[in-house]
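Descriptive structure summary
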Amino acid sequence: MFANAVNGRLSHTVLFVATFLVMQGQALSSPILACYYQPTGYFPPSKVPADLCTHLIYAFGTITSSGSSGPGIVPPTGSQASAWRTLTSLKTSNPDLKVLLSLQQGFPTVVGSDQSKMQAFATNAIALLRQYSLDGVDFDWEFPSSSDRANYANFLRIVRSAVQEEAQKTGRPPLLVSLALANNVYTAKAAYDFNTLASTVDFATAMAYDFHLYIKNKDVKTGYNSPLFTTPGDPTYFSASALANFYLQQGLPGEKLLLGIPTYGRSWTLADASNHNLHAPATGKGAPGPVRGLTGIYAYPDACKSGATVVEDSTLECLPVPGPDVGGI
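Quick summary incoming for the structure in this document. (Residues numbered from 1 in each chain as written. Predicted model: local features only at pLDDT ≥ 70, side-chain atom pairs only at ≥ 80, totals over all residues. Heavy atoms only, no water.)

Across the 10 residues of helix H6 (residues 240–249), 8 count as buried, placing the element largely inside the fold. All buried positions along H6 are accounted for by Ala240, Ser241, Ala242, Leu243, Ala244, Phe246, Tyr247 and Leu248. Buried positions along H6 lie against strand S7 (176–181), helix H4 (185–191), helix H5 (194–200), strand S8 (203–207) and strand S9 (257–261). Between the side-chain oxygen at the start of H6 and the backbone nitrogen of alanine 242 there is a gap of 3.2 Å, and the oxygen is on serine 239. Within two residues after H6, glycine 251 carries a phi angle of roughly 105 degrees, on the positive side. (Buried < 20%, exposed > 50% of the residue type's maximum accessible area, 1.4 Å probe, protein only. Helix = DSSP H or I, 4+ residues; strand = E, 2+ residues; numbered from the N terminus. Contact = heavy atoms within 4.5 Å. Polar contact = N/O pair within 3.5 Å; in protein donor to acceptor, adjacent residues only side chain to side chain.)

Quick look at the structure:
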């Protein structure tokens, strides 16, 4: 797989996540390096470098169905408003930087058969994004069901139309519209109208991680969080390359597909400490990491200070890094 861009995010506890632009047989003139970011005491907005990312996506804002002028985005208050101002101020030193707002909660309250409600959301959301000097919106609905598919497609068309109309009226560049895509192909087939995605979003990030994490009575063996290729014994689409190929096969343009990768690892409590191989039985999530203290998750500083024993998988091979003129999967 050729990767042209990088980003960073920590599943539902979002920190910084890497995103690679997937290409199909063409050179990329302007690589996208999109970074999801959520402020923490470990990584405050003031520490975000202005020139690391091409697109900085703040996680998360919230959708409301009961704003003063109808459905929209909940206005920021206090520390959130301050974070938005700090992030958009980075454009002073990096004029090409785009800062987007990611939305994850509240979709069912506005995405439905009520056309006027969805239109009101689009209008109000655009006004708020412009008010805070944001460059676009990212929809991270986890996840629409099959019954939401048609309405979600209509919602995206309404938002795209409103964005274009506002740009024409104001003479400003259109706001960006991006999307997070499920790592489960069955969920994806049920949730997304791919023709609509291809025509309405500027880019979409496939969540190529969390293929394995401890889930009681469901996922109770160790496994790679985000393997490049599918591991023997795993379902076909449990890898970054397989997931990317799936979305390309559904008709999502390669130039719009970003590959999201994790900057963290998953951990388990083993049923038998002496059996620590791949697909070893587990009884629960791993103990909290030594720095971040997250159960079942090791962030970068945890891995640096864990004192763990490294065991390499001898069945895997390292692949050569392709040159700058290589594209495609």
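In regular strands, side chains alternate between the two faces of the sheet. Within S9, 4 of the 5 residues are buried, which leaves it mostly tucked inside the rest of the structure. Two elements, S8 and S9, share 4 bridges in a ladder whose sense is parallel. Note that in S9 the partner of alanine 206 across the bridge is leucine 259. At this point the chain moves from S8, through H6, to the parallel S9, and the crossover so formed is right-handed. (Pairing = 2+ DSSP bridges. Right-handed = clockwise from strand over helix to strand, strands pointing away.)

Topologically, aspartate 210 is positioned in the loop between S8 and H6. Its relative accessible area of 14% is what places aspartate 210 among the buried residues. Distance from aspartate 210 to glycine 265, taken between C-alpha atoms, is 9.0 Å for residues 55 residues apart in sequence. A polar contact of 3.0 Å, which involves the side chain of aspartate 210, links it to the side chain of arginine 266.

With respect to the helices and strands, the residue threonine 92 is situated in the loop between helix H1 (78–89) and strand S5 (98–105). Exposure remark for threonine 92: the relative accessible area of 70% places this residue in the exposed category. On a C-alpha basis, the gap between threonine 92 and alanine 50 in space is 8.8 Å, while along the polypeptide they are 42 residues apart.

What follows concerns the pattern of salt bridges. Per the counting criterion, the structure on display carries 5 salt bridges. Here lysine 91 ties to aspartate 135 by a salt bridge, and the two come within 3.0 Å at their closest N and O atoms. In this pair, lysine 91 sits in the loop between H1 and S5 while aspartate 135 sits in the loop between helix H2 (115–131) and strand S6 (136–139), placing the two residues 44 residues apart along the sequence. When its relative accessible area of 17% is taken as the criterion, aspartate 135 is described as buried. The shortest N-O distance in the salt bridge between glutamate 165 and lysine 169 comes to 3.2 Å. Taken together, the residues span about one helical turn, with glutamate 165 and lysine 169 both in helix H3 (residues 149–170) at a distance of 4 residues. A relative accessible area of 39% places glutamate 165 in the partly exposed class. (Salt bridge = Lys/Arg side-chain N within 4 Å of Asp/Glu carboxyl O.)

Structural measurements only, silent on function.
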